[in-house]
Amino acid sequence: SEEKMFMKLVVDVESDKVVGVHIVGGDAAEIMQGVAIAVKMGATKAQFDQCIGIHPTAAEELVTMRSVTREVRK
């Protein structure tokens, strides 16, 4: 597919909890609904990493993000 999406996980470095998720693109609302459950339950980045992505879907990208692109510290 030539369609593009933007996805970002916001993770608290100290607790490893996923505290935010940004998704822009087709089917973002459907993907966000499932992710919102995990975030509300206090899922950590490590738990996201342990999930098996459903292939081929855009949602699988959220559980295969391995590298930090930006780090903000107080």
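Treat the numbers as computed from the prediction; the structure is a model and nothing was measured.

A few words now on the overall build of the chain. When helices and strands are counted, the chain shows two helices and two strands. Its helices and strands in sequence order give the chain the pattern β-β-α-α, from N to C terminus. Projected onto the principal axes, the alpha-carbon positions of the chain cover approximately 40 × 25 × 20 Å. Counting only residues that meet the buried cut, the chain has 22% of its 74 residues in that class.

Looking now at the side chain of Lys-45. The residue Lys-45 is located in helix H2 (residues 45–50) in this model. One polar contact links Lys-45 to Asp-49, side chain to side chain, over a distance of 2.4 Å. When near neighbours in sequence (up to four residues on either side) are disregarded, Lys-45 contacts Leu-9, Val-11, Asp-16, Val-18 and Met-65.

Criteria and cut-off values
- Residues numbered from 1 in each chain as written.
- Predicted model: local features only at pLDDT ≥ 70, side-chain atom pairs only at ≥ 80, totals over all residues.
- Heavy atoms only, no water.
- Helix = DSSP H or I, 4+ residues; strand = E, 2+ residues; numbered from the N terminus.
- Buried < 20%, exposed > 50% of the residue type's maximum accessible area, 1.4 Å probe, protein only.
- Polar contact = N/O pair within 3.5 Å; in protein donor to acceptor, adjacent residues only side chain to side chain.
- Contact = heavy atoms within 4.5 Å.

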